[in-house]
Amino acid sequence: MGHCYHHALSSVKKWGGVAEDYLPLHQWFDESKAITADFRHRALRHHAEGIFMLERFFGATIAISTGRVVPVRLIGEQHVVEDLGFIPSFADWVRCIRPEPWMGRAQPIHKQVDPFAAATAGGA
């Protein structure tokens, strides 16, 4: 699909109203383009949990300009399906990330910050 405005027009076709009724929700999904401007930005919100996050931010429903009430989750599902063809889980995205050594913490910090762990480390 691509641009948020086009997703909003698709929402208008599905539920009525005007593009501006839906634009903030579709923009929320694509705000991650500020981090990486290619398809990888979708890993942050284009999944089942992202759709539920949308609902937490915007509420369970929105009232569009015609007065109709539309479930936010349906709008989120529409956005993700238009971009990906289906709704993946976050785990689907994570499985595609190639682990690199810098991604894991090499040294545990509990002995440095937890006085109980430091006191019992040598004697217990």
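Each residue is numbered by its place in its chain's sequence as written, counting from 1. This being a predicted model, a pLDDT of at least 70 is required before a residue's local features are given, and a value of 80 or more before pairs of side-chain atoms are given or counted; all residues contribute to the totals for chains, interfaces and linings. Side-chain calculation: all heavy atoms of the structure are included, whereas hydrogens and water are not.

Where an unreviewed UniProt entry is consulted, the protein chain appears under the name DUF6915 domain-containing protein, with the organism given as Hyphomicrobium denitrificans 1NES1.

Draft legend 1. Highlighting the overall build of the protein chain. Counting its secondary structure elements, the protein chain contains seven helices and two strands. Secondary structure elements of the protein chain, listed N to C terminal, follow the sequence α-α-α-β-β-α-α-α-α. By the compact-globule yardstick of 14 Å for 124 residues, the protein chain is too spread out, its C-alpha radius of gyration being 21 Å. Referenced to the eigenvectors of the C-alpha coordinate spread, the extents of the protein chain come out at roughly 70 × 30 × 25 Å. The buried share among the 124 residues of the protein chain stands at 32%. Strands are runs of DSSP state E lasting at least 2 residues, helices are runs of H or I lasting at least 4, and numbering of each runs from the N terminus. The reference for a compact globule is 2.2 Å times residues^0.38; the radius of gyration itself is calculated from the C-alpha atoms. Relative accessibility under 20% of the residue-type maximum defines a buried residue, over 50% an exposed one, and the middle range a partly exposed one, all with a 1.4 Å probe and only protein chains included.

Draft legend 2. View of the layout of surface pockets. There is about 210 Å³ of room inside the largest pocket. In the cavity and pocket records, a cavity denotes points on a 1 Å grid over the protein atoms alone where a 1.4 Å probe fits but cannot get out, a pocket denotes an open set with protein on both sides within 12 Å along at least 5 of 7 lines, and lining residues are residues with an atom within 4 Å of a point. Surrounding the largest pocket, Phe39, Arg40, Ala43, Trp93, Cys96, Ile97 and Arg98 form its lining. Grid points are joined across faces, edges and corners, and a volume is the space filled by probe spheres set on the points.

Draft legend 3. Examining the packing of aromatic side chains more closely. Two rings from Phe, Tyr or Trp (for Trp, the six-membered ring) form a pair when their centres sit within 6.5 Å of each other. Planes less than 30 degrees apart are called stacked, planes more than 60 degrees apart edge-to-face, and all others tilted. For the structure on display, the rule yields three aromatic pairs. Taking the centre distance of 5.3 Å and the plane angle of 75° together, the rings of Trp28 and Phe29 count as edge-to-face. Each member of the pair Trp28 and Phe29 is classed as buried. Three or more aromatic residues link up through ring pairs in this structure, and these residues are Trp28, Phe29 and Phe57.

Draft legend 4. Layout of the pattern of salt bridges. Salt bridges, as used here, are contacts in which a Lys or Arg side-chain nitrogen is within 4 Å of a carboxyl oxygen on Asp or Glu. Inspection of the entire model under this criterion finds seven salt bridges. Where Arg45 meets Glu31, a salt bridge forms, and the shortest distance between an N and an O atom there is 3.2 Å. Here Glu31 lies in the loop between helix 2 (19-30) and helix 3 (48-58) and Arg45 lies in the loop between helix 2 and helix 3, a separation of 14 residues in the sequence. Its salt-bridge partner being Arg95, residue Asp92 comes within 2.3 Å of it at the nearest N-O pair. A relative accessible area of 26% means that Asp92 is categorised as partly exposed.

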